[in-house]
Amino acid sequence: MSTNQEKTVVVTGGNSGIGYATAEEFLKKGYKVLITGRNTSLIEKAVQQLGEGAAGVTADQLSLTDIKSLAEFIRHRYGKIDALFLNAGIFAFASVEDTTEEQFDSMMDINFKGAFFTAQQLIPLINEGGSITFLSSIHADTGMPNSSVYSASKAAVNALVRTLSRELAPKKIRVNGVNPGPVSTPILDKANVEASAVDHISNLIPLKRMGYPSEIAKLVTFLASPDASFITGAEINADGGMAVHPMAG
Ligand SMILES: NC(=O)c1ccc[n+]([C@@H]2O[C@H](COP(=O)([O-])OP(=O)(O)OC[C@H]3O[C@@H](n4cnc5c(N)ncnc54)[C@H](OP(=O)(O)O)[C@@H]3O)[C@@H](O)[C@H]2O)c1
């Protein structure tokens, strides 16, 4: 029998990849799970697949209006929540010379600004003893070529993790960041990463393989659990050792 039947988590970008796997993992642990995303039909499909305990709402992390409506929806449906997983994000490969203003704005606005304002709007709804986990990336620290804006957006997220962990400590809300290395999810197709590039990346990882979304999901659910009760302000890599490998990048 579950010990988490009264607990609720919000997973942004929960219809795909790491977010979907984490929603599944929270459901296994007995949480009620609310997922968000931009595309209503994809959210509905994901909620149906996730099954009992799952719900979804359309909310574009680019839009402060949508974020405020999300907060209102949560307040009305659940009252308070226990955990927030800020996972929604996008990625585009481009050298500094080739990066367009549109790429710059969309990555900074979704990955950092959107995560910032979602946290801001949902903080009043998080119970004392709850947690926020941000999905960042090892790119925040590795100087990976062709990912300058993405890396900067994730470095900004990690700076926010540190500050927010201190601001929310008096409310006993823990705030942490997870830095995955390369994980097999649809984000790679969306960024037109070719199979040969995936092989190359896998070879740069000391464990010689990409991560699975379920491996990140298990870390995120751990960070939200009482087992992680003394962990806040932390950035935890889950990257097969890539960030410490001399050939990283
Ligand atoms: N896969 C990796 O190698 C890797 C490594 C390190 C970090 N990450 C990070 O992990 C997170 C999840 O990515 P993933 O790999 O699981 O990719 P994914 O399968 O493409 O999932 C991304 C999710 O974010 C949602 N999303 C994107 N833009 C949004 C917006 N404006 N508003 C609301 N939702 C939005 C997507 O929903 P839509 O269907 O609406 O697009 C989707 O549900 C991202 O923050 C990514 O940067 C991934």
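Preceding this paragraph is the structure being described.
Residues numbered from 1 in each chain as written. Predicted model: local features only at pLDDT ≥ 70, side-chain atom pairs only at ≥ 80, totals over all residues. Heavy atoms only, no water.

A. Representation of unusual backbone geometry. In this structure, Asn 146 is a non-glycine residue whose phi angle is positive, near 65°. As for its position among the elements, Asn 146 is in the loop between α5 (139-142) and α6 (148-168). Overall, Asn 146 belongs to the partly exposed group, its relative accessible area being 38%. Unusually for a residue other than glycine, Lys 208 sits at a positive phi of about 60°. Among the structural elements, Lys 208 can be located in the loop between α8 (195-204) and α9 (213-224). (Helix = DSSP H or I, 4+ residues; strand = E, 2+ residues; numbered from the N terminus. Buried < 20%, exposed > 50% of the residue type's maximum accessible area, 1.4 Å probe, protein only.)

B. Seen up close, the packing of helix α1 (residues 17-28) against α9. α9 packs onto α1 with a crossing angle of 55° between their chain directions and a minimal axis gap of 8 Å. Overall, the two elements α1 and α9 adopt an arrangement that is oblique. The interaxial crossing formed by α1 with α9 has right-handed handedness. Along its contact with α1, which presents Gly 17, Ile 18, Ala 21, Thr 22, Glu 25 and Phe 26, the element α9 presents Pro 213, Ser 214, Ile 216, Ala 217, Lys 218, Val 220, Thr 221 and Ala 224. Counted by class, the contact of α1 with α9 contains eight nonpolar, four polar and two charged residues. (Axes fitted to C-alpha atoms, helices over the stretch in contact; angles between N-to-C directions. Parallel < 35°, antiparallel > 145°, perpendicular 65-115°, else oblique. Left-handed = near helix turned anticlockwise from the far one by under 90°. Contact = heavy atoms within 4.5 Å. Nonpolar A, V, L, I, M, F, W, Y, C, P; charged D, E, K, R; others polar.)

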